Amino acid sequence: MTTPEPSSASNFIRDLVVADQAAGKHGGRVVTRFPPEPNGYLHIGHAKSMALNFGLANEMSGGICHLRFDDTNPTTENPEYVQAIQDDVRWLGFDWHGKMFYASDYFEQLYAFAVVLIRKGKAYVDSLTPDQIREYRGTLTEPGRDSPYRTRSVDENLTLFARMRAGEFPDGTQVLRAKIDMGSPNINLRDPILYRIRHAIHYRTGSTWCMYPSYDFAHPLSDAIEGITHSICTLEFEDHRPLYDWVVAEADAPHRPQQIEFARLNLTSTVMSKRKLLELVEKKLVAGWDDPRLPTLKGLRRRGVTPKAIRAFCEHIGVAKRDAIVEMQLLEHFIREDLNKRSPRVMAVLQPLKIVLDNYPDGLVEELEAVNNPEDPSAGTRKIPFSRILYIEQDDFKEAPPKQFYRLAPGREVRLRYGYIIKCVGVTNDPQTGAITELHCTYDPDTRSGATQEQRKVKATIHWVSASHAVQATMRLYQPLLLPDQAKPAADQDWTRSLNPQSLELLTNCWVEPSLRTAEPGSRFQFERQGYFCVDSDSSPDALLFNRTVPLKDAWAKIAKAQQTPI
RNA sequence: UGGGGGAUCGUCUAGCGGUAGGACGCCGGCCUUUGGAGCCGGCUACCUAGGUUCGAUUCCUAGUCCCCCAGCCA
């Protein structure tokens, strides 16, 4: 079920649908449809379409949105995708209320519609070769020419079409074409192909058919059969609309849906086309359709993104007809917004630096109380073990601290989150490399969190983990899939060369607080001061594996970057 | 040198004849035991040129630029 969300801003499609219903068009019914072809996985662009179609149906009284598999091409489709698509639609939070259909269920009816067209002299069987058909079609600036088979009699067409169905012709030898206008300035109207022969096994109809309807024929009629009132699609179908209307009218369809087009979603620094996504998967440039770097719904899910964040994003970006490229930062904003409210906080050290509290009693372990979620008091508190040897983040110490660096440095103090104020009194370096191997600090026993006498202020609070209690874990950090524009190769080069080689970073020596030992795959956390992380599906209690969904905003990183690149 | 669409802050988007609003982002401040979150303030836009009008981002005209269409894909 869709969770109620703040009513979205109006857009031209919503306005139109609202006006239609108010005017009593289609008897006041509103029926939309989400019609994926089961030849790949759904991505966030589909989410925009779903938000529109299901969203509209949900908010209009009596509205309904069908899920329809547009499976008219047996060579690219399979049931794996059908299942995955259903899972994704449900995961995103949409419900088709039992109205799930397949274009392939309409093959018999579609055949009958084609016969109607033939009888009316509006369709004919063409025996030109594919190459000839292309030649006869003309170009953008030159009109096409009539096929010599265009004037076949109705009876001959009927016979030929029946023989096509009967399997008497090999692939590519005959097609059924609409008889419209070979001179039309709109190429889609130059006798478009309605049926093509394909001796292929369809994943649902098997070998029942050896010819299949094209999109331009099947789609409008499927809409009409289902009583779709508003058939919403993307801009590239705009000049198919006259054909859509022609098919519905000439085939004497029982109902006339209205096609409306909107601009598809584009996102910066990622790829959204099915062709490119498939290429990444097939060439094993990513781990699979659910690789967390991909904008597929499966990928976003595995990365830890919530359905709610995706829906909020889709509502926010709006619906219009102008081409647009939405910044990834906007998606990240909605991800953080949702995760901030729901994620339990936890401490984890990604790049450990050992520190020894010289004056803390050896063997003593204190249980410190930590807040689970400051945004949600009902989340309660938990205990975290504290002891003499800890790990802190390497980035939280600098031997020579730059300006505005508030964290630990020789002689400086910081607070350990939920613990004590400590002071750095010594740095041990590797005699060979000079690298810092450990820090020596002292703690101030009067400054334990919550202690009444605690008055002192320090500029920074850092996270930590008790070395002997922490659990080792592996982290996967993600960067954009694509390189920034400036770093991309020329457009004529292989696009995969613009892939970011650093899109995945693996950190294997990380330490998380003990409460995470039993964290379930799929559960989400905020690692304090670092970001939102999700337990990967491949994680296990002895081999914890987390994916970073999105980092927290990092004010220091911004300052540090500005210091590096002075104007 | 065909046809179909589209142009508003850096990015999305609202506006439907009364002189541009929201969000992201960015900058500054407050607050803070997350340099998180939150709060406050600031930033920048109507593609161009004519016309109509008391008044145009909105209407008209002419340009410019961008996107889509020549699959027996969808």
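Residues numbered from 1 in each chain as written. Chains lettered and ligands numbered in written order. Predicted model: local features only at pLDDT ≥ 70, side-chain atom pairs only at ≥ 80, totals over all residues. Heavy atoms only, no water.

Under the counting rule described, the total for this entry stands at 38 salt bridges. Its salt-bridge partner being Arg302, residue Asp536 comes within 2.8 Å of it at the nearest N-O pair. One end of the pair, Asp536, is in the loop between strand S24 (531–535) and strand S25 (544–551); the other, Arg302, is in helix H10 (residues 297–303), and 234 residues separate them in sequence. Look at Asp536 and you get buried, because its relative accessible area is 0%. Within this structure, Asp290, Arg302, Arg476, Asp536 and Asp538 form a network of salt bridges that share partners. (Salt bridge = Lys/Arg side-chain N within 4 Å of Asp/Glu carboxyl O. Helix = DSSP H or I, 4+ residues; strand = E, 2+ residues; numbered from the N terminus. Buried < 20%, exposed > 50% of the residue type's maximum accessible area, 1.4 Å probe, protein only.)

Further remarks concern the nonpolar core. Core analysis: the largest hydrophobic core is formed by 38 residues, its most contacted members being Ile44, Met50, Val89, Ile310 and Phe313. Looking at this core, the elements that each hand over two or more residues are helix H2 (44–59), strand S2 (64–69), helix H3 (79–92), H10, helix H11 (307–317) and helix H12 (328–342). By residue number, the principal contributor to this core is H2, which donates six residues. Not counting residues within four places of it along the chain, the set of residues in contact with Val89 comprises Phe34, Leu42, Met50, Phe54, Leu67, Phe94 and Trp96. Formed by 36 residues, the second largest nonpolar core is a distinct cluster that contains Tyr111, Ile118, Leu160 and Met211. (Core = buried A, V, L, I, M, F, W, Y, C linked by side-chain atoms within 4.5 Å. Contact = heavy atoms within 4.5 Å.)

The element strand S21 (residues 471–478) is extensively covered by neighbouring structure, given that six of its eight residues are classed as buried. In this sheet, strand S22 (residues 504–512) lies alongside S21 in antiparallel orientation, the contact comprising seven bridges. Looking at the pairing, Gln472 lines up with Trp511 of S22. Bridge count for S21 against S25 is four bridges, and the pairing is parallel. By the bridge assignment for S25, Met475 is matched with Phe546. (Pairing = 2+ DSSP bridges.)

Chain-level pLDDT for chain A is 95 on average; 97% of the residues reach the 70-or-more range. Across residues 1–7 the pLDDT falls below 50, and counting only partners more than four positions away or on other chains, this stretch makes nine contacts in the model. (pLDDT = per-residue confidence, 0-100.)

We now examine the sheet that holds strand S23 (residues 524–527). Strand order across the open sheet formed by seven strands is S10-S23-S24-S25-S21-S22-S11, with mixed pairing between neighbours. Each edge of the open sheet carries a strand with a single partner, namely strand S10 (345–346) and strand S11 (348–349). Of the pairings in the sheet, the one linking S10 to S23 comprises two bridges and is parallel in character. Within the sheet, the bridge partner assigned to Val346 lies in S23 and is Phe527. Its contacts with the sheet put H12 on S10, S23, S24 and S25, and the angle it makes with S25 is roughly 120°. (Axes fitted to C-alpha atoms, helices over the stretch in contact; angles between N-to-C directions.)

Moving on, we get to the protein's contact with RNA strand B. As a structural note, the neighbourhood of RNA strand B is formed by 68 residues, with Arg198, Arg345, Arg407, Arg417 and Ser449 the closest of them. A breakdown of the atoms of RNA strand B within 4 Å of the protein gives sugar and phosphate a share of 66%. At 2.7 Å from a phosphate oxygen of RNA strand B is found a side-chain nitrogen or oxygen belonging to Arg196. Contacts to RNA strand B include Asn340, whose side-chain N or O atom sits 3.1 Å from a sugar or linking oxygen. At the level of elements, helix H5 (130–137), strand S6 (193–197), H11, H12 and helix H13 (555–564) are the ones that each hand at least two residues to the surface near RNA strand B. When the residues that make up the surface near RNA strand B are grouped by side-chain class, the tally is 24 nonpolar, 19 polar and 25 charged. (Near = heavy atom within 4 Å. Polar contact = N/O pair within 3.5 Å; in protein donor to acceptor, adjacent residues only side chain to side chain. Nonpolar A, V, L, I, M, F, W, Y, C, P; charged D, E, K, R; others polar.)

Our next topic: the packing of helix H7 (residues 215–226) against helix H8 (residues 241–250). Contact pair H7 / H8: the axes reach a minimum separation of 9 Å and the direction vectors enclose 65°. Crossing angle aside, the handedness with which H7 passes H8 is right-handed. Along its contact with H7, which presents Asp216, Phe217, His219, Pro220, Leu221 and Asp223, the element H8 presents Leu243, Tyr244, Val247 and Val248. (Left-handed = near helix turned anticlockwise from the far one by under 90°.)

Further remarks concern the packing of H2 against H11. Orientation of H2 relative to H11, taken along the N-to-C sense of each, is 70°, at an axis distance of 9 Å. In terms of axis orientation, H2 runs roughly perpendicular to H11. In this structure, H2 contributes Ile44, Ala47, Lys48 and Ala51 to the contact, and H11 contributes Ile310, Phe313, Cys314, Glu315 and Ile317. Split by residue class, the contact of H2 with H11 holds seven nonpolar, no polar and two charged. (Parallel < 35°, antiparallel > 145°, perpendicular 65-115°, else oblique.)

With parallel pairing, the three strands of this open sheet are ordered in space as S1-S2-S3. Lying at the two open borders of the sheet, with one neighbouring strand each, are strand S1 (31–34) and strand S3 (100–102). Direction aside, neighbouring strands of the sheet carry axes that sit 35° apart on average. Inspection of the sheet shows S1 paired to S2 by four bridges, in the parallel sense. Paired with Thr32 across the bridge in S2 is Cys65. Set on the sheet, H2 makes contact with S1 and S2; between it and S1 the angle comes to about 160°. Across the sheet, H7 touches S1, S2 and S3, and the angle it forms with S2 is around 140°.

Tallied over the entire structure, the rule returns 22 aromatic pairs. Aromatic pair Tyr420 and Tyr443: ring centres 4.7 Å apart, planes at 75°, arrangement edge-to-face. Here Tyr420 is found in the loop between strand S16 (413–416) and strand S17 (421–429), whereas its partner Tyr443 is found in strand S18 (residues 436–444), with 23 residues between them in sequence. Here the aromatic residues Phe107, Tyr111, Phe161, Tyr195, Trp209, Tyr212 and Phe217 are joined through ring pairs into a cluster of three or more. Over the ring of Tyr136 we find Arg145, and its NZ or CZ is 4.2 Å from the ring centre. Taking the ring centre of Tyr111 as reference, the NZ or CZ of Arg165 above it sits at 4.5 Å. (Phe/Tyr/Trp six-rings, centres within 6.5 Å; stacked < 30°, edge-to-face > 60°. Lys NZ or Arg CZ within 6 Å of the ring centre and 35° of its normal.)

Bringing unusual backbone geometry into the picture now. What you tend to see is this: most non-glycine residues have negative phi, and most peptide bonds are trans. Located in the positive-phi region is Ser269, a residue other than glycine, with phi close to 55°. Looking at the element boundaries, Ser269 is found in the loop between strand S9 (258–262) and helix H9 (274–282). Classification of Ser269 by relative accessible area gives partly exposed; the value is 23%. One non-glycine residue, Lys284, adopts positive backbone phi at about 55°. When you line up the elements, Lys284 lands in the loop between H9 and H10.

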